[in-house]
Amino acid sequence: MYLLRRAWAEMRNEILVLPSRTLVLVWVVGLLLLPLAYDDAYVLRILTMTCIFAIFAASWDLLAGYTGQVNFGHALFFGAGAYGSALASLKLGVSPWLTIWLGAAVAALFGYLSGYLCLRLRGSYLSLATLAFPLIGLGLLFAFPDFSGGELGVSGLQRLIVGPTANYYLACVSMLVVVFGLWLIADSRFGIVLHAIRDDEVAARASGINTPRYKLAVFALSAAAAGFSGALLAHYLRVAGPSTLEVALSFQVVIWGIFGGVATIYGPVVAVFILYPLTEWLGSFRHFGELRLLIFAVIVLLVLLFMPRGLTPWVRDRVEAQCPRCKQRNSVWRKICRLCGAPLQAQVARAERLVGHQ
Amino acid sequence: MRHTILAIALAVAAPFAAAQSIKIAVLGPMNFVQGENHWAGAEMARDEINKAGGISVGGKKRTIELVKADTNEIQSVPDATNAVERVITRDKVDFLIGGFRSEAVLAMQEVAMDYKKMFLGAGAADAKLGENVEKNYDRYKYWFRITPTKAPDLFRTLMAVLGDIGNQVRTSTRTDTPKVAIIAEKAAWTEAIVKGLQATLPKMKMDVVGTWQPSAVATDVTAELSAIERANADIVFTLLSGPVGISLGRQMGERNMKAVAFGINVEGQKDEFWQASAGKANYVSTLDTYAEVESTPKTIPFVQAFKKRYGKAPTYNAATYDAIMILKAAIEQTGGMDADKLVPAIEKMEHVGTAGTDTFDKRHDLVWAVGKTSGIAVQWQDGKKVPFWPPNIKGMQPYKMPAR
């Protein structure tokens, strides 16, 4: 009873107190309960894919959003994980429950190597260099078709689990755990260092931070998460092919990241949960089907035009306000800060008057 | 009043009428020429069958209803699998036909087999699809490949045509060992064929003078053609799927080359090729599927009807027509739509289709035979696409060589 009361108190004081956290709670509960209320195989398939790509998008955000290492070739890690797990499972006969971790490890190694090669590069130079890596990966796959399956890829993989509901729960729980893990990392001291590297790497180094070590660590970590999602997809589809390394996938993750809002972790996840089912839904209309990419592009453009920081920061700014004194977030309808008691709206009004005088 | 009663009657009858139809999903990249042909071939079969009253299922006539499913498979494999799941679980289709990109079709095959749905392929060539049937028959037996022949058989066709062209070159040039230049675009699909050519051509008493690999989108192949001329090649063996096929045809004509081009030139299969190559691509030849020749008695009427309806010749993906006709024959033979009964019926069937006479092996692949399932070869002669191989088919015309 004590534990229940304490859990309720925690929920009331830590989660329900902020609209964004309440939304996340509703979303998590909704995801976990969905198959009990609606177990349509097609919907579960779309959501399974969505969960897998959400991990991929969140992993990109840790690297590009938090650390400023804008990666245009993130599909390399996705493909490395898919192929690593697929080949180990098929050629060594190892259980896919083990090989998905191996896939993540292979991707982490690729991440470390990519990071090492790009350590001295910044900005657009870094992005262009990373863009080349999956192309090199594709070249290697085609150069050794006996090993990689060439253009066709590796097929006939074992499934991790059978049945649409089981696959959905596997992807959903994996997504929640990985995304929450990435969010915790981003919110930790490690994450603050990543922010510092992104904002001013020279200043970070001057403060005694070993920036190369942090950058390599985040490259490996982000790649491991992307590789894990690639491995999940490969065993779900039972195929790991060259499409897992295609340039289109690398750009897709950039679009998800920017649409949802970078340096948030949850932003790209929200973007995938909106855009992936949306494109699929548009495709199901016979007359819209052929225009779906156009409609998709228009929606993305409109969001970026009116919400330049992405969708989630825009929504969050409308439902929450920052306390001018303690910098903690509060719901917009509060008059005083929930933590330090400082007036919220009056402070804002005064600040606006000051801006008016200037 | 009479209109109201009629409307009510129609509204009441509509669900029953819908329940009577046989739903077939046409899967393909609908924004691309392959998907367009998948759909066009299926439409022709549907209209023909429905006009005749439908398919007889246990004595009752049922019409065909097509469900168009854009798989977007050229761009995304997951999209392709989603499309298959959607048509099976949402649209409740009875059969699946189509597919193009082998990597995607392998993944689509898995979804179809999960639901034990018959899937008649009409685009992917990779042998792995059929190997699955042989390795795990109980799971994959619902898969059949209607077109094209599997990749190794495609190579056999190429060699058979090249053998005939080689003999003509020998007669024309009075040489025992014609020289062959291989020009293959830089792409994964050409690599195995190039290796096969390098190993096989010496056994056919032909010399390989070199292999050139331009980009699939190259607009100029002067360097390659100059080298080929210097090597005194008699035959230019092409493996080209991109616009480089147009550049090659045009520039060979401009250079008045004595060598003849044969192989796979996807652009050369299109009706627009002559115009695109500025009327210079005389003597360029390529493998193809459909022409107005009697591959079977059904070929000419089908090609003519297709051209009349869609304004251009069909590509091999239009064999979705044959896929539906095979289903029709099997359903009428077994008197039902139970996939487990249809599979043995199709396995034993010899179906005279529009592209050839189809029989299936233990992998549910087409049994390869010249003149039956091998396809045809065509040559551009003075602005016309002229079919010339296999020579024993009625309607074939002589292969021409440039004046030497």
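Residues numbered from 1 in each chain as written. Chains lettered and ligands numbered in written order. Predicted model: local features only at pLDDT ≥ 70, side-chain atom pairs only at ≥ 80, totals over all residues. Heavy atoms only, no water.

## Things to note about the overall build of chain B
Okay, so step 1: Helix and strand counts for chain B stand at 14 helices and 16 strands.
Okay, so step 2: Against the globule reference of 22 Å for 404 residues, chain B gives a C-alpha radius of gyration of 23 Å, in line with a compact fold.
Okay, so step 3: When the backbone C-alpha atoms are referred to their principal axes, chain B occupies close to 80 × 50 × 40 Å.
Okay, so step 4: Expressed as a percentage of its 404 residues, the buried residues of chain B come to 56%.
Okay, so step 5: Once local pairs closer than 6 in sequence are excluded, the contacts in chain B between residues at least 24 apart make up 70%.
Okay, so step 6: For chain B, the computed accessible surface area is about 16200 Å², with 53% contributed by carbon and sulfur atoms.
Okay, so step 7: Each charge sign in chain B was given a centre, from 50 positive and 45 negative side chains, and these centres are 3 Å apart. (Helix = DSSP H or I, 4+ residues; strand = E, 2+ residues; numbered from the N terminus. Rg over C-alpha atoms; globule rule 2.2 N^0.38 Å. Buried < 20%, exposed > 50% of the residue type's maximum accessible area, 1.4 Å probe, protein only. Contact = heavy atoms within 4.5 Å. Areas by Shrake-Rupley, 256 points an atom, 1.4 Å probe, with all protein chains shown as cover. Lys, Arg positive; Asp, Glu negative; His and termini not counted. Charge placed at Lys NZ, Arg CZ, Asp CG, Glu CD.)

## Section: the domain arrangement of chain A
All names here are of chain A.
Okay, so step 1: Split by domain assignment, chain A resolves into domain 1 (20-320) and domain 2 (323-358).
Okay, so step 2: Each of domain 1 and domain 2 was reduced to a C-alpha centroid, and the two centroids are 37 Å apart.
Okay, so step 3: Tallying the contact residues gives five residues for domain 1 and five residues for domain 2.
Okay, so step 4: Summing both sides of the interface, domain 1 and domain 2 together bury roughly 430 Å²; the carbon and sulfur share of this comes to 46%.
Okay, so step 5: Where domain 1 meets domain 2, there are two salt bridges. (Domains from an automatic or database assignment. Buried area = accessible area lost by both parts, 1.4 Å probe. Salt bridge = Lys/Arg side-chain N within 4 Å of Asp/Glu carboxyl O.)

## Overview of the packing of aromatic side chains
Okay, so step 1: Taken as a whole, this structure holds 20 aromatic pairs over all chains when the rule is applied.
Okay, so step 2: Between Phe72(A) and Phe251(A) the ring centres are 5.6 Å apart and the planes differ by 55°, which places this aromatic pair in the tilted class. Placement of the pair is Phe72(A) in the loop between α3 (41-66) and α4 (75-91) and Phe251(A) in helix α12 (residues 247-260), with a sequence separation of 179 residues.
Okay, so step 3: What makes Phe251(A) partly exposed here is its relative accessible area of 33%.
Okay, so step 4: Ring plane angle 45° and centroid distance 5.7 Å describe the contact between Phe273(B) and Trp380(B), whose orientation is recorded as tilted. Of this pair, Phe273(B) sits in helix α11 (residues 273-276) while Trp380(B) sits in strand β15 (residues 376-381), and the two are 107 residues apart along the sequence. Side by side, Phe273(B) and Trp380(B) carry an identical accessibility label, which is buried.
Okay, so step 5: Residue placement shows Arg139(B) over the ring face of Tyr140(B); its charged tip is 5.3 Å from the ring centre. (Phe/Tyr/Trp six-rings, centres within 6.5 Å; stacked < 30°, edge-to-face > 60°. Lys NZ or Arg CZ within 6 Å of the ring centre and 35° of its normal.)

## Some remarks on the confidence of the model for chain B
Residues and elements named next belong to chain B.
Okay, so step 1: Across chain B, the average pLDDT comes to 91, with 95% of residues at 70 or higher.
Okay, so step 2: Per-residue pLDDT, averaged within each element of chain B, yields its smallest value for helix α1 (residues 2-20) (50) and its largest for strand β5 (residues 95-98) (98).
Okay, so step 3: Contacts of residues 9-18 to residues separated by more than four positions or lying in other chains number zero contacts, the stretch itself having pLDDT below 50. (pLDDT = per-residue confidence, 0-100.)

## Some details on the interface of chain B and chain A
Okay, so step 1: Between chain B and chain A, the contact holds 33 residues from the first and 31 residues from the second.
Okay, so step 2: Surface buried jointly by chain B and chain A totals about 2700 Å² across both partners, of which 47% is contributed by carbon and sulfur atoms.
Okay, so step 3: Considering only the side of chain B, the residues that lose the most area to chain A are Asn82(B), Arg86(B) and Glu103(B), jointly responsible for 21% of the buried surface there.
Okay, so step 4: Run the count over chain B and chain A and you get six salt bridges.
Okay, so step 5: At the junction of chain B and chain A, the tally comes to 13 residue pairs in polar contact (both at pLDDT 80 or more).
Okay, so step 6: Those elements that place two or more of their residues in the side of chain B that touches chain A are β4 (64-70), α3 (77-89), α4 (102-114), α6 (137-140) and α8 (188-200) of chain B.
Okay, so step 7: In terms of residue count, α3(B) provides more of the side of chain B that touches chain A than any other element does, nine residues in total.
Okay, so step 8: Grouping the amino acids of the side of chain B that touches chain A by side-chain chemistry returns 12 nonpolar, seven polar and 14 charged. (Polar contact = N/O pair within 3.5 Å; in protein donor to acceptor, adjacent residues only side chain to side chain. Nonpolar A, V, L, I, M, F, W, Y, C, P; charged D, E, K, R; others polar.)

## Structural notes on a nonpolar patch on the surface
Residue and element names in this part refer to chain A.
Okay, so step 1: Together, Val29, Leu32, Leu33, Leu36, Val173 and Val177 make up a nonpolar patch on the protein surface, roughly 530 Å² of accessible area in all.
Okay, so step 2: Where the nonpolar patch is concerned, the elements lending two or more residues are α2 (19-37) and α8 (164-187).
Okay, so step 3: Element by element, the count of residues in the nonpolar patch is highest for α2, at four residues.
Okay, so step 4: Considering the arrangement of structural elements, one finds leucine 36 in helix α2. (Patch = residues over 30% accessible without salt bridge, like charges linked within 9 Å, V, L, I, M, F, W, Y side chains within 5 Å.)

## Structural notes on the packing of α3(A) against helix α9 (residues 189-199) of chain A
All names here are of chain A.
Okay, so step 1: At a minimum axis separation of 8 Å, α3 and α9 run at an interaxial angle of 50°. By the angle between their axes, α3 is oblique relative to α9. In this structure, α3 contributes Leu62, Gly65 and Tyr66 to the contact, and α9 contributes Leu194, His195 and Arg198. (Axes fitted to C-alpha atoms, helices over the stretch in contact; angles between N-to-C directions. Parallel < 35°, antiparallel > 145°, perpendicular 65-115°, else oblique.)

## Points about the pairing of strand β6 (residues 118-122) of chain B
Put simply, side chains in a regular strand alternate between the two faces of the sheet.
Residue and element names in this part refer to chain B.
Okay, so step 1: In terms of burial, β6 is a largely internal element, five of the five residues being buried.
Okay, so step 2: Because side chains alternate across β6, one face comprises the buried residues Met118, Leu120 and Ala122, and the other comprises Phe119 and Gly121, equally buried.
Okay, so step 3: Inspection of the sheet shows β5 paired to β6 by four bridges, in the parallel sense. Paired with isoleucine 97 across the two strands is leucine 120, which belongs to β6.
Okay, so step 4: Crossover β5 to β6 through α4 is right-handed.
Okay, so step 5: Bridge count for β6 against strand β7 (residues 143-147) is four bridges, and the pairing is parallel. Across the sheet, leucine 120 pairs through a bridge with phenylalanine 144, a residue of β7. (Pairing = 2+ DSSP bridges. Right-handed = clockwise from strand over helix to strand, strands pointing away.)

## Things to note about the environment of Leu117(A)
Residue and element names in this part refer to chain A.
Okay, so step 1: Counting through the fold element by element, leucine 117 comes out in helix α5 (residues 96-117).
Okay, so step 2: The class of leucine 117 is exposed, set by a relative accessible area of 58%.
Okay, so step 3: With 75 residues separating them along the chain, leucine 117 and isoleucine 192 place their C-alpha atoms 24 Å apart.

## Considerations on the state of the cysteines
Residue and element names in this part refer to chain A.
Okay, so step 1: Within the structure shown, the criterion is met by zero disulfides over all chains.
Okay, so step 2: Here cysteine 172 stays free of any disulfide, with the sulfur of cysteine 51 as its closest cysteine sulfur at 4.7 Å.
Okay, so step 3: For cysteine 172, a relative accessible area of 0% gives the class buried.
Okay, so step 4: Between cysteine 337, a free cysteine, and cysteine 326, which holds the nearest cysteine sulfur, the sulfur-to-sulfur gap is 3.5 Å.
Okay, so step 5: Residue cysteine 337 is classed as buried on the basis of its relative accessible area of 3%. (Disulfide = S-S within 2.5 Å.)

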